[in-house]
Amino acid sequence: MRVLTFTALYPNKVNPLQGIFIHQRVKHLARRPGNSVEVIAPVPYFPSWLPVPRWQQFSQIPREEEIDGIRIHHPRYPLLPGISMPAHGMLMYLALLPIARRLHRKKQFDCIDAHFVFPDGFAAVRLGRKLHLPVVVSARGTDINLYPSFRLIRPMLRWTLTHAAGVIAVSADLKNKIITLGIPETKIQVISNGVDTGRFHPLDTRSARKKLGLPEEGSMAISVGSLIESKGHHLLIAAIGELARSFPNFRLYILGEGVYRAALEELLREKKLQDRVFISGDRPNEELGLWFSAADVSCLLSSQEGWPNVVSEALAKPWNRAEIARRSGSRSWNAVAAEVEDYLKSKVQQL
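In this text, all values refer to a predicted model and were calculated from it rather than measured experimentally. (Residues numbered from 1 in each chain as written. Predicted model: local features only at pLDDT ≥ 70, side-chain atom pairs only at ≥ 80, totals over all residues. Heavy atoms only, no water.)

Asks: It is not clear to me how the overall build of the protein should be interpreted in this structure. Could you clarify?
Replies: In terms of helices and strands, the protein carries 14 helices and 14 strands. Buried positions account for 51% of the 351 residues belonging to the protein. Taking the intrachain contacts of the protein between residues at least 6 apart in sequence as the baseline, contacts between residues at least 24 apart amount to 72%. (Helix = DSSP H or I, 4+ residues; strand = E, 2+ residues; numbered from the N terminus. Buried < 20%, exposed > 50% of the residue type's maximum accessible area, 1.4 Å probe, protein only. Contact = heavy atoms within 4.5 Å.)

What follows is the structure, given as structure tokens:
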């Protein structure tokens, strides 16, 4: 198959960890015999001369790049944070239309593989109607857990799901929530995320800590996720504060970066936990396997998740329970890609 993947949440030169789970699925789909995948991943337009560090990074993303043999295009679209959210989908569509038309003339795509129902899926379905291509939209979490509560967004979610050729939900819970939006159950396929078993497998705890430069003695926990309020890191820090008296050698490492960092650092100072809670910033995906093996406990306190990959990846370590590691490790990205390929083919054949 010749597949056009569309999503704004894809790794790039500036943020190589963004949407790594999407890249894994796309990469393994592209590697299956006879397949080719091209990615359009739009980024907000931001003038490079404006001194706003948080947004200035967008101007540093190249117009085109390649990751693991996948060609990625980054058209720009106008964005007014906090104001233009209901228009995001249409703004994305208008930005991607010229490049999508050009690529389609050259590649003759069979279908569009879109990730996140809004705004990405909305833009992709409009594009599919323009290019006469079936569109499969993958629902991944916030797009279904949160966005239906927004009065102006909910109708666009339903329109996207109704007019898509098919819908992939990464968990049964998301599937059930999509059904409550009026989408027939027969239109939704549950295909959960996978695990890179080459990176996530049992390792000796002491050797993992040594490689990471961590103390080999004492117990430790990790929490992997963006530093945003909904990830619940502040609740975990409070819990560590309660445990401090009973477990004096217990340490917590928070792996991630984001706008909530300053608030978390202030909380550490307030609770005097700087010597037992450490914010280690973003870590390369290939390094996370060491962290999961080094830790005694992996924590996820998110208030909203679709299919949290960090849980699957943490479970691919032994936990002294070989069956848990086997079951988690059996859900490889190759297996996921095969399921996605079969589903995409079924929608192409319906035309």
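Asks: Looking at this structure, I do not really get the sheet that holds strand 5 (residues 70–73). What am I missing?
Replies: Note: strands within a sheet are paired through backbone hydrogen bonds, in either parallel or antiparallel orientation. Across the sheet, which stays open at both edges, the eight strands sit in the order 4-5-2-1-7-8-9-10 with mixed pairing between neighbours. Where the open sheet ends on each side, the last strands, each with one partner, are strand 4 (64–67) and strand 10 (188–190). The sheet shows a mean angle of 25 degrees between the axes of neighbouring strands, direction not considered. Across the face of the sheet, helix 1 (residues 20–30) comes into contact with strand 1 (2–6), strand 2 (36–40), strand 4, strand 5, strand 7 (111–115), strand 8 (135–139) and strand 9 (166–169) while running at roughly 160 degrees to strand 7. Contacting strand 1, strand 2 and strand 5, helix 3 (residues 88–107) runs over the sheet at an angle of about 155 degrees to strand 2. (Pairing = 2+ DSSP bridges. Axes fitted to C-alpha atoms, helices over the stretch in contact; angles between N-to-C directions.)

Asks: I tried to follow the pattern of salt bridges on my own but got confused; where do I start?
Replies: Opposite charge on two side chains lets them pair, provided their charged atoms get close. Here the structure, examined in full by the defined rule, presents 17 salt bridges. Put simply, Glu341 and Arg32 hold a salt bridge, and the shortest N to O gap is 2.6 Å. Note that Glu341 is positioned in helix 14 (residues 333–349) and Arg32 in the loop between helix 1 and strand 2, a separation of 309 residues in sequence. Taking relative accessible area as the criterion, Arg32 reaches 27% and is therefore assigned partly exposed. Linking Glu38 and Lys107 is a salt bridge whose minimum nitrogen-to-oxygen distance equals 3.6 Å. One end of the pair, Glu38, is in strand 2; the other, Lys107, is in helix 3, with 69 residues separating them in the sequence. Each of Arg32, Glu341 and Lys345 takes part in a single network of salt bridges with overlapping partners. (Salt bridge = Lys/Arg side-chain N within 4 Å of Asp/Glu carboxyl O.)

Asks: Is there a simple way to think about helix 9 (residues 233–243) in this case?
Replies: Think of an α-helix as turning once every 3.6 residues; residues three or four places apart then point the same way. By the burial criterion, the buried members of helix 9 are His233, Leu236, Ile237 and Ile240. In a view along the axis of helix 9, the buried residues occupy a sector of 100 degrees, so they form one face of it. Elements in contact with the buried residues of helix 9: strand 11 (220–224), strand 12 (251–255), helix 10 (261–271), strand 13 (277–281) and strand 14 (297–299). (Arc of directions from axis to C-beta.)

Asks: What am I meant to see in a positive patch on the surface here?
Replies: On the surface, a cluster of positive charge is contributed by Arg101, Arg102, Arg105, Lys106 and Lys130. The element that contributes the greatest number of residues to the positive patch is helix 3, accounting for four residues. Considering the arrangement of structural elements, one finds Lys106 in helix 3. (Patch = residues over 30% accessible without salt bridge, like charges linked within 9 Å, V, L, I, M, F, W, Y side chains within 5 Å. Areas by Shrake-Rupley, 256 points an atom, 1.4 Å probe, with all protein chains shown as cover. Lys, Arg positive; Asp, Glu negative; His and termini not counted. Charge placed at Lys NZ, Arg CZ, Asp CG, Glu CD.)

Asks: Sorry, what's going on with the nonpolar core here?
Replies: When a protein is soluble and globular, its nonpolar side chains tend to lie buried together. By size, the foremost hydrophobic cluster in this structure holds 43 residues, and its most contacted members are Ile40, Leu127, Ile144, Leu161 and Ile178. Among the secondary structure elements, those contributing two or more residues to this core are strand 1, helix 3, strand 7, helix 4 (117–131), strand 8, helix 6 (154–163), strand 9 and helix 7 (172–180). For Ile178, the residues in contact, after removing those within four places along its chain, are Ala139, Ile144, Leu161, Val167, Ala169, Ile183 and Ile188. Among the nonpolar cores identified, the runner-up in size contains 24 residues, and Val26, Leu29, Val136 and Ile191 belong to it. (Core = buried A, V, L, I, M, F, W, Y, C linked by side-chain atoms within 4.5 Å.)

Asks: Would you explain the packing of aromatic side chains in this entry?
Replies: Think of a pair of aromatic rings as described by two things: how far the centres are apart, and how the planes are tilted against each other in angle. In this structure the tally under the stated criterion is six aromatic pairs. Aromatic pair Phe118 and Tyr147: ring centres 6.5 Å apart, planes at 80 degrees, arrangement edge-to-face. Taken together, the residues Phe118 in helix 4 and Tyr147 in the loop between helix 5 (142–145) and helix 6 connect sequence positions 29 residues apart. Classification of Tyr147 as buried rests on a relative accessible area of 18%. For the pair Phe122 and Trp159, a centre-to-centre distance of 5.3 Å together with 55 degrees between the ring planes defines the contact as tilted. Of this pair, Phe122 sits in helix 4 while Trp159 sits in helix 6; the two residues are 37 residues apart in sequence, bridging distant segments of the chain. The class of Trp159 is partly exposed, set by a relative accessible area of 22%. Three or more aromatic residues joined by ring pairs form one cluster here, namely Phe118, Phe122, Tyr147, Phe150 and Trp159. (Phe/Tyr/Trp six-rings, centres within 6.5 Å; stacked < 30°, edge-to-face > 60°.)

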